[in-house]
Amino acid sequence: MSTPPPTALTIAGSDSGGGAGIQADLRTFFACGVHGMTAVTAVTVQNSLGVEGFAEVHTDVVTAQIRAVTGDMGASAAKTGMLATAEIITAVAKTLDEVHIGRGTETPFVVDPVAASMHGDPLLREEALEAIRTELFPRATLVTPNLDEVRLLTGVEVTDAASRRAAADALLALGPQWVLVKGGHLGDGPLCVDLLSDGTEYLDLEGPRHDTPHTHGGGDTLASAITASLAHGADLPTAVRDGKRFIERSVASAYPLGQGIGPVSPFWRLV
Ligand code: PXL
C-alpha cells in the first residue's frame, strides 16, 4: 500500500473527443500526481470539428456526485469548467458551501468560466452568465477567464495593458480572491501575457506563444494544473506559475488528431 496522493474535484462537462472538459482535467490531474474526482454536469457530443450538442445532467445528480466524493475521500482542491445552466450553477454553489469548498474555507476553488468551445459553440446558456457572476465568483479563490469570457462577464474589451488591468479590477469587483486574465487570444506576438491580481498585487506573467492550431482543452488544462498545484499545497501565485509552465509544455506537445483542432497534451511529462 502507498500513501494516497492529494485529491482534486472537477465539476465540469464531458468531451466525447477526449481533449477538453472532464477528460482534460483528469489527464492533467493524473500527470500532476493528484487523484482526480468528477462531478459531471453535462455530456457533450463532439469531436475535433466542433460540438454537435449536449445534454445536461440533473442538478440532483450533480450535487450528489459532489457530496459523495467529498464526504468520503475529501478534496484538497476543486475547480469548475462547463456548468451549462443557471440551475446547475446555483445548485453547485449551494453544495460547495455545504461541503466547505471555496473562499473562506481551507479548500481552494478555481472557477474557469467556460462559455463556449474553441469553435464558438456555446457551452453555457446565456442567462447563466449572471449566475456565474453572482453565485460562483464570490466563492472563488481564483477565476481564469479568457478574453472572450472577460468581455461577456464584464463588458471590458482587452486590447492593451491598461484595459487588461481594468478587466482585472472589474472581475475582482465580482468577489473572487484572485483573477488571472489570460491574454493568449490577444495579438500574435511571440509572447502571451497573463495578468494575475488580488487587487493589491498586479503580476504580469509572460510566456512564449506557440504557433499551433491545436489548442483544444488548453484552458481546462491550465485551470486543472493550477488546481493540482493548489491540491499539493502551493500558494496561489506559485500554483499559477506552475500551471503556466505546465500548459506551455502541453501546448508545445499538442498533436493533430481528427480533421479539426487537436488537443494539447498533458502527457509531455511522461514521454
Ligand atoms: O475548453 C472548454 C471546454 C470545457 N468543457 C467542455 C468542452 C470545452 C471545449 O470544447 O467541450 C466539455
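What you are looking at is a predicted structure, and each value in this text was computed from that prediction instead of being measured.

Calculation criteria
Residues numbered from 1 in each chain as written. Predicted model: local features only at pLDDT ≥ 70, side-chain atom pairs only at ≥ 80, totals over all residues. Heavy atoms only, no water. Buried < 20%, exposed > 50% of the residue type's maximum accessible area, 1.4 Å probe, protein only. Helix = DSSP H or I, 4+ residues; strand = E, 2+ residues; numbered from the N terminus. Contact = heavy atoms within 4.5 Å. Core = buried A, V, L, I, M, F, W, Y, C linked by side-chain atoms within 4.5 Å. UniProt positions renumbered as here; feature names shortened; annotations may be inferred. Phe/Tyr/Trp six-rings, centres within 6.5 Å; stacked < 30°, edge-to-face > 60°. Lys NZ or Arg CZ within 6 Å of the ring centre and 35° of its normal. Pairing = 2+ DSSP bridges. Axes fitted to C-alpha atoms, helices over the stretch in contact; angles between N-to-C directions.

Novice: Quick one: what's the story with helix α4 (residues 129-136), residue by residue and with numbers?
Specialist: Every buried residue of α4 is accounted for by L129, A131, I132, R133 and L136. Contacts made by the buried residues of α4 are with β4 (77-80), α3 (86-98), β5 (109-111) and α5 (147-154).

Novice: An account of the nonpolar core is needed here, citing residue identities and associated values.
Specialist: Grouped together as the largest cluster of nonpolar side chains are 47 residues, with contacts concentrated most on L9, I11, I89, V92 and V181. Ranked by residues supplied to this core, first place goes to α3 with five residues. Each residue touching V92, except ones within four places of it in the same chain, is listed here: I11, V62, T63, I66, T80 and L83. Within the second largest apolar cluster, 28 residues are counted, among which are A231, L236, V240 and I247.

Novice: Give me the UniProt feature "domain: Pyridoxamine kinase/Phosphomethylpyrimidine kinase" (unreviewed entry) in the protein: which residues, what numbers.
Specialist: In the numbering used here, UniProt assigns the feature "domain: Pyridoxamine kinase/Phosphomethylpyrimidine kinase" (unreviewed entry) to residues 15-264. Spanning residues 15-264, this segment combines 39% helix with 19% strand, and its end C-alpha atoms are found 14 Å apart.

Novice: So what's going on with the packing of aromatic side chains? Residues and values would help.
Specialist: A complete count under the given rule lists one aromatic pair for this structure. Judged by centre distance (5.3 Å) and plane angle (55°), the rings of F246 and W268 are tilted. Of this pair, F246 sits in helix α8 (residues 236-252) while W268 is found in the segment after α8, placing the two residues 22 residues apart along the sequence. The residue whose ring lies beneath R165 is Y202, and the NZ or CZ to ring-centre distance is 3.6 Å.

Novice: Provide a residue-level description of the sheet that holds strand β2 (residues 35-47), including the pertinent values.
Specialist: Where strands meet in a sheet, backbone hydrogen bonds hold them as pairs that are either parallel or antiparallel. One open sheet accounts for nine strands, arranged β3-β2-β1-β4-β5-β6-β7-β8-β9; its pairing is mixed. Two strands lie at the open edges of the sheet, namely β3 (50-56) and β9 (202-208), each paired on one side alone. In this sheet, β4 lies alongside strand β1 (residues 7-15) in parallel orientation, the contact comprising four bridges. When the sheet's bridge partners are listed, L9 is paired in β4 with A78. Packed on one face of the sheet, helix α1 (residues 21-31) meets β1, β2 and β4 and runs near 150° to β1.

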